[in-house]
Amino acid sequence: MTAFLPAIASLRRCRALAEQEPIPTRDRSGRSVGCALALLFFWVIWVPRLVSVEPVFPVTITTQPRSITVPISSTGVFSVVTNGNVFQWRHNGQPIPGATSATLTIANVQSGDAGSYDVVVTGSGTITSTAAVLSIGQPIQFVVQPRDASIAVGSRAAFCIDVTGDGPFTYQWQSITVRAVTSKIDDGITYQGTTTATLVVGPAPFAGGRTQLFCEVTDIHGSPVNSRTAQLLTGNLQCLTITTLAGGSPGNTDGHGTAARFNQPSGIAADAWGNLYVADFYNNTIRKVNPTGDVTTLAGLAGSSGSADGFGSTARFYGPCGITADASGNLFVTDFYNNTIRKVSSVGVVTTVAGLAGSQGSTDGFGSTAQFYMPNGIANDSAGNLYVTDMGNSTVRKITPVGVVTTVAGLAGSRGSADGFGSAALFNNPIGISVDVVGNLYVADSGNCTIREITPAGMVTTFAGFAGSSGNADGTGNTVRFTAPSGIASDVAGDLYVIDENSVREVSTTGVVTTVAGQAGIAFGNTDGIGSVAQFYSPFGIAVDATGSVFIADNHNNLIRKGVPTTLTARLGSLSARGLAGAGDQTLIAGFATSGDGNKQLLLRGIGPSLAPFGVSSVVADPALTLFNVAGTVLQQNNDWGGTAALTSAFTQVGAFSLSPNSKDAALLTTLPGGVYTAHLTAQG
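The shown structure was predicted, so the numbers you read here are calculated from the model rather than taken from an experiment.

### Description of the overall build of the protein
The number of helices and strands found in the protein is one helix and 60 strands. Restricting the contact set of the protein to residue pairs at least 6 apart, pairs at least 24 apart contribute 53%.

Dropping the structure here:
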């Protein structure tokens, strides 16, 4: 038998835990994908009868195959996007036997595979794609990716990349509009360096703007590769300053702050008096964290699972997951493995509100006659109604104050992404749920990678994200990408905070999504800090108190974290240059200037040995880095970066690749006033 831990912020990261919590196996390996075919009919009057004419659209290619550079013995892939349905790939004009799908995969590439490739597509007619070339060589790899930036009105921002591969390279920066249209940008008032490795944007003419930028880099063979998409926000960036309130290594100890222990905390809620309540999933307990940081166990007994109602430690839970607090200080908990909804009074008296322990299903009804299947998130409105994401059924349920359970939206047993009214709408493993002041529900539809909105009348729409398309792009509406949203909470202004992988995303009332803490795609960690400096490890639950502070159940770190909204007026910059370096006249020198008010923090790195994994040969074995001002005075030096925590955090913040603590590479983290400087990299020994 296999069990699944809901307290992992991704359907994709569910792990088999049979030795800990056996429950019936449930197939979660696939997604149901629904599509609708719209047919347009023209009715033409032709004496003496009516004729139905269905228009025929010619076959077209919307995405052409792109040239690629592939090392010997590796795999090369070409693809095409088209409305045709019959394919025949060709190599140097000759049909390739069996190559009859939209994607051509060439395994174990050899020299004879080099050459021109195209595809003949047949549908309502026939069309041939443009030719793409497979070249043998070292493909482009990004050593430095462009990072997100925020600038004030009248200021500038720089986006830098650095690549390895078969150069020389050509560069073309491009922008993405809100309608996901890609266009090349040219040098002018707004942009400078559009065909170089460094793009300068500004001065910004107005506040509130958002631009998405990436660079297409092409190698000597003509093979293009795109960088990550960077976000440019005009105005001061809002983010969260993250600190650790309580917890540490796994355990169940009560205590103050980091002396307390949790075991994969999942849900978290805040009451009106500044207390936090945590659904401590594997301890099968409900924990309380008071405003001074003291942690106590309110209900349940650590290490003892069950379904008994009772007072304090006589009560039993079996995988408490979601939790919410009402205005009177009562708590409501989704008891995941028991398939029940439990109430915990402010003094720790536990009762079962709905569902029957050990009985799973989707039946609506009163109290114990109702059934749930893996209930996960829970929220309450001002009228005392509860709303539950019934994850196993892929539905959203409502529980009235007297215990009557109904299905608000979704159809039990049917997964999908369709918007619509009530049971016409479909969900795919919904996890978190929140309710705003006017009664709208917001659901973290994890399997669909979207945020859904449900009106009080039961109409379901997709508020942010695009079903079936995962990623980490900020933006608006369906241009946004989520990886696997889990916890969700709203503040008093109606803005949403969403846990997504190892990051926290903010969704404004107009659907604008911004990453405010952590970085998607960055390795897990437990670092405190501002915005992207902070790190998490599969956070799950999230809550917002009346002051606007955000609280996070950092599941795999076994921590309770706090986020305070912060205006970020400056960010760390990264200077990158690559070339041959030696000693004396062969010293590699990079000049740069800083401007504007106040000091600027910069990261400079002299990389030698750590370039080898990127296919760079003849690297400098022991580089040394020296920083000079315009007068030639040495300001700072480094030889062997030393693996310091400050530098490690800085690498993460700017998106630079990590270094081994014992490597001979050099790095400096420095704060400089406006002026002109040079960085010298020399080879030692």
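From this point, the discussion proceeds with the structure in view.
### A few points about the pairing of strand β42 (residues 441–445)
The element β42 is extensively covered by neighbouring structure, given that five of its five residues are classed as buried. For strand β41 (residues 430–435) and β42, the ladder comprises four bridges, and the chain directions are antiparallel. Bridging from a neighbouring strand, S434 pairs with Y442 of β42. The loop that links β41 with its antiparallel partner β42 comprises five residues; one of these, G439, has a positive phi angle of about 95 degrees. Bridging between β42 and strand β43 (residues 450–454) involves five bridges; their strand directions are antiparallel. Within β43, the residue paired with D445 across the bridge is T450. The turn joining β42 and β43, which pair antiparallel and follow one another in sequence, is formed by four residues; a positive phi near 60 degrees is taken by C449.

### Brief notes about the sheet that holds strand β15 (residues 157–160)
Read from one edge to the other, the open sheet built from three strands follows the order β15-β20-β19, with strand pairing classed as antiparallel. On the outer flanks of this sheet lie β15 and β19 (191–192), each paired with one strand and no other.

### Points about the sheet that holds strand β58 (residues 634–639)
Spatially, the four strands line up as an open sheet ordered β55-β60-β57-β58, and their pairing is antiparallel. Of all strands in the sheet, those bounded by a partner on one side alone are β55 (588–594) and β58. Within this sheet the neighbouring strands show an average axis-to-axis angle of 15 degrees, counted without direction. With five bridges connecting them, strand β57 (residues 623–629) and β58 associate as antiparallel partners. What sits directly across from T626, in β58, is Q637.

### A closer look at the pattern of salt bridges
Tallied over the full model, the rule gives 15 salt bridges. Within the structure, one salt-bridge network assembled from shared partners comprises D254, D280 and R287.

### Observations regarding unusual backbone geometry
The peptide bond linking G167 to P168 adopts the cis configuration, its omega dihedral lying at 5 degrees. Its place among the elements puts P168 in the loop between β16 (162–164) and β17 (170–176). Within the chain, S73 stands out as a residue other than glycine whose phi angle is a positive 75 degrees. At N339, a position not held by glycine, the phi torsion is positive, near 60 degrees. As for its placement among the helices and strands, N339 is situated in the loop between β32 (331–335) and β33 (340–344). Overall, the relative accessible area of 6% leaves N339 in the buried class.

### Some remarks on a nonpolar patch on the surface
A cluster of nonpolar side chains, F311, V347 and V349, forms an exposed patch at the surface whose accessible area comes to about 280 Å². Structurally, F311 can be placed in strand β30 (residues 310–311). Accessibility expressed as a relative area gives 52% for F311, which makes it exposed.

### Topic: the packing of aromatic side chains
Evaluation of the coordinates by the stated rule reveals ten aromatic pairs. A ring pair is formed by F524 and Y537, whose centres lie 3.9 Å apart and whose planes are at 10 degrees; its orientation type is stacked. Within this pair, whereas F524 is found in the loop between β49 (512–518) and β50 (529–530), its partner Y537 is found in the loop between β50 and β51 (541–544), the two being separated by 13 residues in sequence. Note on Y537: relative accessible area 26%, which makes it partly exposed.

### Comments concerning the confidence of the model for the protein
Taken as a whole, the protein shows an average pLDDT of 85; of its residues, 85% reach a score of 70 or greater. Low confidence marks residues 1–55, where pLDDT is under 50. Its contacts with residues over four positions away, or in another chain, come to 119 contacts.

### Comments concerning the pairing of strand β59 (residues 666–672)
Counting buried residues along β59, five of its seven residues qualify, which places the element largely inside the surrounding structure. The pairing of strand β56 (residues 600–606) with β59 spans seven bridges and is classified as antiparallel. Following the sheet pairing, K600 is matched in β59 by L672.

### A few points about the environment of D665
Following the sequence through the fold, D665 ends up in the loop between α1 (645–654) and β59. Using a relative accessible area of 0% as the deciding quantity, one classes D665 as buried. Each C-alpha atom of the pair D665 and G642 lies 8.7 Å from the other, and the pair is 23 residues apart in sequence. For D665, the side chain forms a polar contact with the main-chain nitrogen of G608, separated by 2.7 Å.

### Quick word on the side chain of D554
Mapping D554 onto the fold places it in strand β52 (residues 550–554). At a separation of 3.0 Å, a polar atom in the side chain of D554 contacts the main-chain amide nitrogen of Y537. Polar contacts involving the side chain of D554 include one to the side chain of N557, which spans 2.9 Å. Among residues more than four places away in sequence, those in contact with D554 are P265, Q535, F536, Y537, S538, P539, L559 and R561.

### Observations regarding the environment of A315
With respect to the helices, strands and loops of the structure, A315 is situated in the loop between β30 and β31 (320–325). Along the sequence, A315 and T351 sit 36 residues apart, while their C-alpha atoms lie 8.6 Å from each other. Setting aside anything within four residues of it in sequence, one finds A315 in contact with G300, L301, A308, D309, G310 and V350.

### A closer look at the side chain of T566
Mapping T566 onto the fold places it in strand β53 (residues 559–568). In terms of polar contacts, T566 uses its side chain to reach the side chain of T241, at 2.6 Å. Within the local environment of T566, its side chain forms a polar contact with the backbone oxygen of V564, the two atoms lying 2.9 Å apart.

### Brief notes about the nonpolar core
Ranked by internal contacts, the top residues of the largest apolar core, which has 18 residues, are F159, W173, L199, V201, L213 and V217. Breaking this core down by element, the ones donating at least two residues are β15, β20 (198–201), β21 (210–218) and β23 (230–234). In terms of residue count, β21 provides more of this core than any other element does, three residues in total. In this structure, L213 is in contact with F159, Q174, S175, I185, Y191, L199, V201, R228, T229 and A230, ignoring residues within four places of it in sequence.

### With respect to the environment of T633
Following the sequence through the fold, T633 ends up in the loop between β57 and β58. For the pair T633 and Y677, spaced 44 residues apart in sequence, the C-alpha separation works out to 9.8 Å.

Conventions adopted
Residues numbered from 1 in each chain as written. Predicted model: local features only at pLDDT ≥ 70, side-chain atom pairs only at ≥ 80, totals over all residues. Heavy atoms only, no water. Helix = DSSP H or I, 4+ residues; strand = E, 2+ residues; numbered from the N terminus. Contact = heavy atoms within 4.5 Å. Buried < 20%, exposed > 50% of the residue type's maximum accessible area, 1.4 Å probe, protein only. Pairing = 2+ DSSP bridges. Axes fitted to C-alpha atoms, helices over the stretch in contact; angles between N-to-C directions. Salt bridge = Lys/Arg side-chain N within 4 Å of Asp/Glu carboxyl O. Patch = residues over 30% accessible without salt bridge, like charges linked within 9 Å, V, L, I, M, F, W, Y side chains within 5 Å. Areas by Shrake-Rupley, 256 points an atom, 1.4 Å probe, with all protein chains shown as cover. Phe/Tyr/Trp six-rings, centres within 6.5 Å; stacked < 30°, edge-to-face > 60°. pLDDT = per-residue confidence, 0-100. Polar contact = N/O pair within 3.5 Å; in protein donor to acceptor, adjacent residues only side chain to side chain. Core = buried A, V, L, I, M, F, W, Y, C linked by side-chain atoms within 4.5 Å.

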